[in-house]
Amino acid sequence: MSERQIRLMVNGNEEILSVPDHLSLLRLLRDKLALTGTKNGCEAGECGACTVLLDGEPVNSCLVLAVECEGHRVDTIEGLSAEPVMQRLQQEFIDMNAIQCGFCTPGMLISAYALLLRNPHADDHAIREALLGNLCRCTGYERIITAVKTAAGKDR
Amino acid sequence: MLQPYPGYPEFEYVKPLSIEEAVGFLKDHPGQSRPYAGGTDCFMLLRDRRIHPKYLLDLKAISGLDQINFGNENGLSVGASVTLNQLCRCQALAEHYPVLAAAVREVGGYQLRSRATLIGNLCNASPCGDTIGACLVYGALMQIVGSSGKRSLALDCFFLGPGKTVLREDEIVSSLDLPLPPAGCAGAYKSIGRNKLGDLAIAAVTALGYPDAASPSGFSFRIALTAVAPTVIFAGHAQEILAEKGLTVESIENAAAEAGRVCQPIDDIRASAAYRRAMVAVLTRRALLSICDQLHISP
Amino acid sequence: MTASAKLPDLVGESVSRVDVREKARGSAVFTDDVQFGPNLLHARIKRSPYPHALIKSIDTTEAEKLYGVKAVATGADFDGRIGLYLQDKHIFARGRVRFVGEAVAGVAAITEQIAEQALELIEVEYEPLPAIFHPEQAIKPDAILIHPDLGEYGVANFIFPKPGTNISNHFKVRKGDVEKTWKDCAAVVERKYYIPHIQHVPLETHVAVAQVDQSGKITLWSSSQSPFAQRDLIAKALGMSPGNIRVISNYVGGGFGCKAGVTMEALPIILAMKTRGRPVKLCLTREEEFFTNFVRQALVIDLKLGCDHAGNLLAMQNTMYWDGGAYTEYGVNITRAGGYSSTGPYDIPNVKTDSYCLYTNNTVGGPYRGFGMSELHTGVEQCVDELADAIGMDKVEFRLRNVVQGGDILATGMQMHPTGIKECIQKVTEAIEWEKPLPALAPNKKHGKGIAVMWKAPAMPPNPGSSATIKLNEDGTILLGVSGQEIGQGSFTVAAQIAAAELGVPLESIRVGGPVDTDYSPYEWQTVASRLTWSMGNAILAAARDTRRQIFEIVAEAWKENPDDLDLINGVVISQKSEREIPLKDFAVYGIPKANFAGWIGGPIYGRGRFMPTYVTGLDKETGQGERAVVHYTTGAQAFELEVDTETGQIEIIKAATAFDVGRAINPDLVKAQMEGGIVQGLSSALFEQMIFKDGVMQNPSFVDYRIATTMDLPTKVETFIVEEPQDDGPWGARGVGEHPMVPSVAAIANAIHDALGIRLDGPPFTAEKIYFALHKG
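All figures in this text were calculated on a predicted structure; none of them were measured in a lab.

### Regarding the overall build of chain A
When helices and strands are tallied, chain A shows six helices and five strands. Secondary structure elements in chain A, listed N-terminal to C-terminal, are β-β-α-β-β-β-α-α-α-α-α. For 156 residues, the compact-globule formula gives about 15 Å, and the C-alpha radius of gyration of chain A, at 16 Å, lands near that figure. For the C-alpha atoms alone, the extent of chain A along its principal axes is close to 55 × 25 × 20 Å. A buried classification covers 67% of the 156 residues belonging to chain A. Partitioning the contacts of chain A with sequence separation of at least 6, the portion at a separation of at least 24 is 58%.

### Some points on the interface of chain A and chain B
Opposite the 23 residues of chain A that make contact, chain B presents 24 residues. The element contributing the most residues to the side of chain A that touches chain B is strand β4 (residues 57-60) of chain A, with four residues.

### Regarding the domain arrangement of chain A
Residues and elements named next belong to chain A. Annotation of chain A at the domain level lists domain 1 (3-76) and domain 2 (81-151). Just the C-alpha atoms count here: the centres of domain 1 and domain 2 sit 21 Å apart. With 13 residues of domain 1 in contact, the opposing surface of domain 2 contributes ten residues. Secondary-structure elements contributing two or more residues to the side of domain 1 that touches domain 2 are β3 (51-54) and β4. In terms of residues, the side of domain 1 that touches domain 2 owes the most to one element, β3, which gives three residues. Taken together, the residues that form the side of domain 1 that touches domain 2 break down as six nonpolar, five polar and two charged.

### Description of the packing of helix α13 (residues 491-503) of chain C against helix α14 (residues 532-559) of chain C
Residue and element names in this part refer to chain C. The N-to-C vectors of α13 and α14 enclose an angle of 35°; their axes lie 9 Å apart at closest approach. For the pair α13 and α14, the sense of crossing is right-handed. Contacts between α13 and α14 pair S491, V494, A495, I498, A499, E502 and L503 from the former with L532, T533, M536, G537, I540, L541, A544, R545, T547 and R548 from the latter. Among the residues making up the contact of α13 with α14, the classes are represented as ten nonpolar, four polar and three charged.

### Structural notes on the domain arrangement of chain C
All names here are of chain C. Parsing chain C into structural domains produces domain 1 (20-29 + 464-611), domain 2 (34-129 + 203-254 + 259-291) and domain 3 (298-460 + 617-775). Placing a centre on the C-alpha atoms of domain 2 and another on those of domain 3 gives a separation of 36 Å. If you look at the interface, domain 2 gives 20 residues, while domain 3 gives 21 residues. For the side of domain 2 that touches domain 3, the element with the highest residue contribution is helix α8 (residues 286-291), accounting for four residues. Each residue belonging to the side of domain 2 that touches domain 3 can be placed in one class, and the counts come to nine nonpolar, five polar and six charged.

### Here we look at the interface of chain C and chain A
Opposite the 43 residues of chain C that make contact, chain A presents 38 residues. Sorting elements by how many residues they give to the side of chain C that touches chain A places helix α15 (residues 668-687) of chain C first, with eight residues. A breakdown of the residues in the side of chain C that touches chain A according to their chemical character gives 20 nonpolar, 14 polar and nine charged.

### Structural notes on α14 of chain C
In this model, α14 of chain C (28 residues) spans 38 Å end to end at C-alpha, consistent with the 40 Å of a helix rising 1.5 Å per residue. Across the 28 residues that make up α14 of chain C, a large majority, 20, are buried.

### Quick word on the nonpolar core
L225 and A259 of chain B together with A495, A499, I540 and I749 of chain C are the most contacted members of the largest nonpolar core, which totals 417 residues. The greatest single-element share of this core, amounting to 14 residues, is contributed by α14 of chain C. Setting aside residues no more than four positions away along its own chain, I540 of chain C makes contact with A468, V482, A495, I498, A499 and G609 of chain C.

### Structural notes on unusual backbone geometry
A cis geometry characterises the amide bond from G514 of chain C onward to P515 of chain C, with omega recorded as 0°. Along the polypeptide, P515 of chain C turns up in the loop between β21 (510-512) and β22 (516-517). A cis amide bond links P764 of chain C with the next residue in sequence, P765 of chain C, at an omega value of -5°. Relative to the helices and strands, P765 of chain C is located in the loop between α16 (745-757) and α17 (768-775). Phi angles above zero are rare outside glycine, and A227 of chain B is one such case at about 75°. Tracing the backbone shows A227 of chain B in the loop between β13 (219-226) and β14 (233-234).

### A look at the sheet that holds strand β6 (residues 141-146) of chain B
The pairing of strands in a sheet comes from backbone hydrogen bonds and takes either a parallel or an antiparallel form. Residues and elements named next belong to chain B. One open sheet accounts for five strands, arranged β4-β5-β10-β6-β7; its pairing is antiparallel. Whereas interior strands pair on both sides, the edge strands pair on one side only; in this sheet they are β4 (68-71) and β7 (149-154). Averaged over all pairs of adjacent strands, the angle between strand axes in this sheet comes to 20°, irrespective of strand direction. Bridge count for strand β5 (residues 75-79) against strand β10 (residues 172-178) is four bridges, and the pairing is antiparallel. Note that in β10 the partner of V78 across the bridge is L176.

### With respect to α13 of chain C
Residues and elements named next belong to chain C. Relative to the 18 Å expected for 13 residues at 1.5 Å per residue, α13 spans 18 Å between its end C-alpha atoms, a close match to the ideal helical length. By the criterion of burial, α13 is predominantly enclosed, with 13 of the 13 residues buried. Just past α13, the residue G504 takes up positive phi, approximately 100°.

Definitions and cut-offs
- Residues numbered from 1 in each chain as written.
- Chains lettered and ligands numbered in written order.
- Predicted model: local features only at pLDDT ≥ 70, side-chain atom pairs only at ≥ 80, totals over all residues.
- Helix = DSSP H or I, 4+ residues; strand = E, 2+ residues; numbered from the N terminus.
- Rg over C-alpha atoms; globule rule 2.2 N^0.38 Å.
- Buried ≥ 20, exposed ≤ 12 C-beta atoms within 10 Å, placed from the backbone.
- Contact = placed C-beta atoms within 7 Å.
- Domains from an automatic or database assignment.
- Nonpolar A, V, L, I, M, F, W, Y, C, P; charged D, E, K, R; others polar.
- Axes fitted to C-alpha atoms, helices over the stretch in contact; angles between N-to-C directions.
- Left-handed = near helix turned anticlockwise from the far one by under 90°.
- Expected span 1.5 Å × (residues − 1).
- Core = buried A, V, L, I, M, F, W, Y, C linked by C-beta atoms within 7 Å.
- Pairing = 2+ DSSP bridges.

Okay, structure coming up:
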């Protein structure tokens, strides 16, 4: 199995890596870069636990090939945790008790973060729609939505 | 038994820089290559080992394919690698083709739409593709490029069966063209899934009504049914009834019933044929009532 | 085991969770995140495509030759049986396969891909056998025996299998005389309901890494609710001392019961025994998670319920056929729990219950949130509703009249302790405005309200123990050792709260030791049964008291005072007599010098405590009677208001309200979070979820076709209420609630559907299609 060298930005750092063509971005992040904050929940683009930002847009990293990321920018929860908007979101999640087992949390935060960047005053429906692709089994979602709403500056 | 595979099988990733290069590669490696753009359908087929291409052709590097162009004369042109989220952000789409704009939003979740492409959704030829009906009622034209040249094909003629299109092995779709919609038209996309949102459609109706002097009632209609036949179908007779009588309580009921009659749904784990048939009638009625609303018609 | 009489400040305070900062940053370590270096091998499992077949031969020669393959294992490698309550399972199948997906062979290789390729090179010859897919088929006298050797299996003494049949447990309750009572009933309802298989769907699938060192000691990293139970069961199966197995368990990304006991964890262990020290990791794909591991048993429940003209329940006949699946080593106890709690939270003088656990060739049934209670109440609470209707009584009034109260003698002969179930009912009916008629809607919309009550006891063997350790650091901060796993419910947080409150130290000074490691963490039976706050909590209280005793002995000696005059407040030891003070950090490890440094008093302080209930008795095999069947019951109520679109059958949940008697809410917000999450999981199981089988093959093992609730499926308004009727032996009266919030949901929704439409379906999920056809018959 041959590999090819790719060059991409991950969390602001340039990475040069040798990867097989069939490796997903998800597996690149977890297995080659030990960025294990991004989770594997289904590897089928359904659960959203693997959500990362690709050139600023949320994607299911299980449905992106590592080789497709040549020359592109990837941001994961580890890198985004330094961003003020993300920190505000994380604090709201913590204050609202919107985190239980924590497995959906990184993906959920990234989808919410991207939403707030493109729609800073997102309303209830917009938040639900933006998080539709992130499944949670523990919390029942409502606190997550409230946390995002509060971070969006709308009072409860 | 579904064999559960982790990750993707081996393949070689190829990234052509031009359409000619892409088409040439397909010609030189018949039966071994799979072109793709977003990958959201293609990768799932790979993961399930339902396809085993030796080569995967990423079309995203081909310049021009990621463009949306709108002109007041020619309408909308959507390149092969335009993503669904790009379309969601497109003013011209929202303004001139609201039914397609609505259908696009119903596909999966936001993350999926960041990668999934409109052309990909169509080429996947799933009987229940959300965007198929809207593209059809807006009279979409597929611009196809192959090693023997280009051809334009009305979307009506594009589908052969579930997962099957008329594309030859060395052809790719470079863009989808939508002519300007008929003046004064109104439409709706009504679908039903197992959850409130985010599920694929188990039955769906896309309807468009527009003023048409040539039609007895002064209006013509296009009603596309998806998820209830091997490919998308028009509810031809329903369309005729409405063209003849216009939007009245009676004609809407008859049209809805006719739409229910013409579809050929199957029983599967998602829904029974009987339920799908019943829902086609309900959704047709609702789509037509929505059109009434938009056109300020009291049926 | 009661706590300090005065309620400390921390008890009842919704403090922030201790684990959320790292979870929010993505730095919380789950088992698949643990780094093992380049030596790590990857396992894949070859699985049976048949629901029932003899294994004629397995040829692994070609697989072994494949470059990169380091170990291949089959059932031939190991003949031990494994199981929690009944040892009926082999690690790899031996002799026959009993369900589609059963592990037949395994490969460990340098990449997952090579392991997968090697699987294809393994040749297995099968001889298919007739298969059984329905428990009522399994119980027939001429049914093929799925476990012909049932009589040889080791079994716990409270489980009653019937060798020579497919019955792996038959639990009976015989109280009073139901046959004679029917004629006295003013109304009798007879119903049969079918509750299908569903799966837990934890976001994190099962993952386990095993390593065997040169001395034969096994280390297992697993996403587990039960590190100690895993150690114990695997040790027994392998014929080893549990001391030779070490289980390390990091954060669990959701369990809901499926990560209790031992399922796939033993597979990489067998492989690791052959890889000369290289660790072997097995990760289940989502598809495998759906059908190869644990699912919730399906149930056929046949109920007959009668009451007198005044609405008093007189008799219940309850026959339950549990579809235990191919192996029921865990499922047998669900049958038992369903049996002893078979009346639901009602006082019924005459009860005849037969609860059968049946082997079938379906997927393996195991513990699922509720442990049989959701399935049971789906039947019972609908019958109660119908019965109330039959005698023209309001359904809430009917329940208030019949629910158990403290002092009642239950169906098993146990005396019920005080319970706040009536208050729970009152709270939810108020919230849902039970009395208020619903406004008329659009012609295609119908409205309805429904209520259901529930109870559940922790389902455990009679002797499940907890223990805790408190280790003081040099600066007076504390490492709290517990093995109650953090699976999302907040166990680490509540543990820290209980410890801080009882000890008398600031909450911030306590760190909960993790990951749980059976070599270093103190014993805990399992994180199941909603038992941790109560049981682990009691162990922590004991450890705190032990620690205080040691602290006070040291200081008392140094000050020449009476230890009874000392207290520890906010990390400072204070004498109530002399008003002298000394902070913990001054002596926590190094002790206190005597006057003029003429010696030293004290030393490192390490407290420990344990808790194990001592009063649970056995139950008679024929009658199910015994003095104390269970430790306690948590009761509750749930109500829904919903809207049905009669044109499509679609249901929209408008309002939900739920209340549970938790005895004492140590962290009220965490209790509410459990209730909210449970309601959504409950409504998801009511409206969407089912495993669809065809000839034993699951047809929908993916999120595409196994639908669970998303952000768009939620009620517009959810209200949660905490009721507190203290438990005599819980920490400040606390009782568990982790499972309970999803138990009454299906029944309450079914009752609301009936209120709206006048129809009842034969079981969940109440899909739009089923509702549509029930409305549009013919």
